[in-house]
Protein chains: 2
Amino acid sequence: MADKRSSNLAEKVLARLGADIRGGRLAPGDRLPTEQELTSSMGVSRTVVREAVAALRADGLVVTRRGSGAYVAENPTGPFRIAAPPSGSLAAVLDVMELRLAVEVEAAGFAAERASRKQVVQVRGALRDIDRALKSGDGAVAEDFAFHRAIAEATGNAQFPRFLAFLGSHVIPRQSVRLSVDTPVERRAYLERIQNEHHRIVDGIVAADPVEARRAMRDHLTRSLERYRKLAEGSKP
Amino acid sequence: MADKRSSNLAEKVLARLGADIRGGRLAPGDRLPTEQELTSSMGVSRTVVREAVAALRADGLVVTRRGSGAYVAENPTGPFRIAAPPSGSLAAVLDVMELRLAVEVEAAGFAAERASRKQVVQVRGALRDIDRALKSGDGAVAEDFAFHRAIAEATGNAQFPRFLAFLGSHVIPRQSVRLSVDTPVERRAYLERIQNEHHRIVDGIVAADPVEARRAMRDHLTRSLERYRKLAEGSKP
DNA sequence: CGGCTGAAGTTGTCAGACAACTTTATAAGA
DNA sequence: TCTTATAAAGTTGTCTGACAACTTCAGCCG
């Protein structure tokens, strides 16, 4: 329960206060103990206490008012984090990929429903960029990512590209692994099939057909997911 | 660009370093300037610098190694945040609700695909809890939330309930507003229709029919979204 | 060439002090 | 008595100096 592992006293104080807040012992609006009280009750210096409070403030869990005190935020819900890779690696990545699938499928649907002309142009341009990169030889992971982002932006809802960028940074590093295991000829066929799926997604968006756009995106990402799942099973049965 | 508004010197340093990292001027793995360098270059005390670095560490942007220095994290993507309500209130909430819709629709699908027997029992139990709460008179917002969470947990993917809980804390406060504007009789009809939608979702999950589960969930949330959208337009045209 | 030692550099922690601001208590005035 | 001004105490923000713990690297010794 008490997670006070070794180095960094500030983390101990941080863990303690964070637990008090999340556990409800400190309700929203409540005032935290003063820095002096914390220094004496936890046996640390004021520097340590202040660093812990600074971290809490960075997470939006508390707000401080000079001359008055530090108070628990009205909505003490920390930001959304995803555990670092070394946790449950393979299975964890699959979980994140499923979350990404959910958001991208609906993004394709919203894009088909209400993308502006300019946004559609952007999506088509991104698709052409992939085509070009493929013809010029090497993989197009950057272009692929830009394509998906263009669709997210075509929803007109800024949260979609924002969240996708966030998820991408937690998934991308390993999807490059997958490509390198295939033989050159298999890889070529794989990339072409992927691109066909991309075209189908764009067709759905251009036709303003949300059902088709969603289905195409779901097929696209499900296939990617299945491939990764197979790879995960193969390395740990 | 330079966002160094008044109080809190630590925030100035924080903004500066954060911008340097996100802007690429400090690449992953790079070592940050030493605390001494920062104190002299920014004209602040070491206390301030340390608080700023503590905040960066809390966000996972840097890691510090005692005796060596502070380094930019390999994946310097901060956590996912959602701006506080007072920003673009109405439209912003709609954006978040759409994100929630995306995740919940797919969650219903995954739940239908692979929910364990125990998880299905939980979902049905949550549905019954809403029924009971409705019969006993007053609204069932807590039970409604528990129902949606049960579905998210039935996916077997912990990220779904986690992310939903995160989003919920940013949307919930205002959906209670909507209920209070209706007249008692309208409210009754509204709640019953909602509950019918809930039943349809559960039917899809129990029948292990992902397509139907998704469609039911999408209809359910789209209706809620449309209602809110109308309310938003009515108060600002 | 390899390993050891020591010095320099850096972060972690402590202590004390003052400034800036808020809150509360006190006193003065109407 | 109530209101207002003033003073006092309390709290966070910032600065300064110091030492401990650890890392890194150069130089020395074998």
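**A look at the packing of helix α5 (residues 117-135) of chain A against helix α6 (residues 141-153) of chain A**
Residues and elements named next belong to chain A.
For step 1, the next point in the chain: The N-to-C vectors of α5 and α6 enclose an angle of 170°; their axes lie 9 Å apart at closest approach. With respect to α6, the element α5 is oriented roughly antiparallel. Of α6, the residues touching α5 (which contributes Q119, Q122, V123, A126, L127, D129, I130 and A133) are E143, D144, A146, F147, A150, I151 and E153.
For step 2, the next point in the chain: In the contact of α5 with α6, the residues fall into nine nonpolar, two polar and four charged.

**Let's talk about the protein's contact with DNA strand D**
For step 1, the next point in the chain: Surrounding DNA strand D, one finds 24 residues, the nearest of these being R46 and T64 of chain A together with L9, S45 and R66 of chain B.
For step 2, the next point in the chain: Backbone atoms, meaning sugar and phosphate, make up 68% of the atoms of DNA strand D lying within 4 Å of the protein.
For step 3, the next point in the chain: Contacts to DNA strand D include G67 of chain A, whose backbone N or O atom sits 3.0 Å from a base nitrogen.
For step 4, the next point in the chain: One of the backbone nitrogen or oxygen atoms of L9 of chain B is found 2.5 Å away from a phosphate oxygen of DNA strand D.
For step 5, the next point in the chain: Of the residues in the surface near DNA strand D, the class split is four nonpolar, 11 polar and nine charged.

**Here we look at the interface of chain B and chain A**
For step 1, the next point in the chain: Contacts between chain B and chain A engage 39 residues on the former and 39 residues on the latter.
For step 2, the next point in the chain: Of the roughly 3600 Å² buried between chain B and chain A, counting both surfaces, carbon and sulfur atoms make up 52%.
For step 3, the next point in the chain: When the buried surface of chain B facing chain A is broken down by residue, E51, F80 and Q159 of chain B rank first, second and third, together holding 16% of it.
For step 4, the next point in the chain: Here chain B and chain A share six salt bridges between them.
For step 5, the next point in the chain: The tally of links from chain B across to chain A stands at 19 residue pairs in polar contact (both at pLDDT 80 or more).

**Notes on α5 of chain A**
All names here are of chain A.
For step 1, the next point in the chain: In a regular helix each residue adds 1.5 Å, so 19 residues correspond to 27 Å; α5 covers 27 Å between its end C-alpha atoms and thus fits that length.
For step 2, the next point in the chain: Here α5 has its buried residues at V120, V123, A126, L127, I130, A133 and L134. Take α5 and look down its axis: the buried residues cluster within an arc of 150°, on one side only. Exposed residues on α5 whose side chains face more than 90 degrees from its buried face are R117, K118, V121, Q122, R132 and K135.

**What about the pairing of strand β1 (residues 62-65) of chain A?**
For step 1, the next point in the chain: Across four bridges, β1 of chain A lies against strand β2 (residues 69-72) of chain A in antiparallel orientation. Directly across from T64 of chain A, in β2 of chain A, lies its bridge partner A70 of chain A.

**Considering the packing of aromatic side chains**
For step 1, the next point in the chain: The full count for this structure, using the stated rule, is 13 aromatic pairs over all chains.
For step 2, the next point in the chain: When the ring of F80 of chain A is compared with that of F163 of chain A, the centres are 6.5 Å apart and the planes differ by 50°; the resulting orientation is tilted. Here F80 of chain A is found in the loop between β2 and α4 (89-114), whereas its partner F163 of chain A is found in helix α7 (residues 159-181), with 83 residues between them in sequence.
For step 3, the next point in the chain: On the basis of relative accessibility, which here comes to 2%, the residue F80 of chain A falls in the buried class.
For step 4, the next point in the chain: On the accessibility criterion, F163 of chain A (0% relative accessible area) is buried.
For step 5, the next point in the chain: Taking 5.8 Å as the distance between ring centres and 40° as the angle between the ring planes, the aromatic pair formed by F80 of chain A and F166 of chain B counts as tilted. Of this pair, F80 of chain A sits in the loop between β2 and α4 while F166 of chain B sits in helix α7 (residues 159-181), each in a different chain.

**Describing the relation of the copies chain B and chain A**
For step 1, the next point in the chain: By a simple turn and slide, chain B fits onto chain A: the slide is 0.1 Å along the axis, the RMSD is 0.1 Å, and the turn is 180°. Here the symmetry operator amounts to a two-fold rotation axis.
For step 2, the next point in the chain: Mapped onto chain A, 100% of the interface residues of chain B again fall at the interface, so both copies present the same surface.

**Regarding the packing of helix α6 (residues 141-153) of chain B against helix α8 (residues 184-206) of chain B**
Residues and elements named next belong to chain B.
For step 1, the next point in the chain: As a packed pair, α6 and α8 sit with axes 12 Å apart at the nearest point and diverge in direction by 20°. Relative to α8, the element α6 lies roughly parallel. With respect to the hand of their crossing, α6 and α8 are arranged in left-handed fashion. Residues D144, F147, H148 and I151 of α6 touch α8, and the partners they reach there are H198, I201, V202 and I205.
For step 2, the next point in the chain: Residue classes in the contact of α6 with α8 are distributed as five nonpolar, two polar and one charged.

Conventions and cut-offs
- Residues numbered from 1 in each chain as written.
- Chains lettered and ligands numbered in written order.
- Predicted model: local features only at pLDDT ≥ 70, side-chain atom pairs only at ≥ 80, totals over all residues.
- Heavy atoms only, no water.
- Axes fitted to C-alpha atoms, helices over the stretch in contact; angles between N-to-C directions.
- Helix = DSSP H or I, 4+ residues; strand = E, 2+ residues; numbered from the N terminus.
- Parallel < 35°, antiparallel > 145°, perpendicular 65-115°, else oblique.
- Contact = heavy atoms within 4.5 Å.
- Nonpolar A, V, L, I, M, F, W, Y, C, P; charged D, E, K, R; others polar.
- Near = heavy atom within 4 Å.
- Polar contact = N/O pair within 3.5 Å; in protein donor to acceptor, adjacent residues only side chain to side chain.
- Buried area = accessible area lost by both parts, 1.4 Å probe.
- Salt bridge = Lys/Arg side-chain N within 4 Å of Asp/Glu carboxyl O.
- Expected span 1.5 Å × (residues − 1).
- Buried < 20%, exposed > 50% of the residue type's maximum accessible area, 1.4 Å probe, protein only.
- Arc of directions from axis to C-beta.
- Pairing = 2+ DSSP bridges.
- Phe/Tyr/Trp six-rings, centres within 6.5 Å; stacked < 30°, edge-to-face > 60°.
- Least-squares fit on C-alpha atoms with pLDDT ≥ 70 in both.
- Left-handed = near helix turned anticlockwise from the far one by under 90°.

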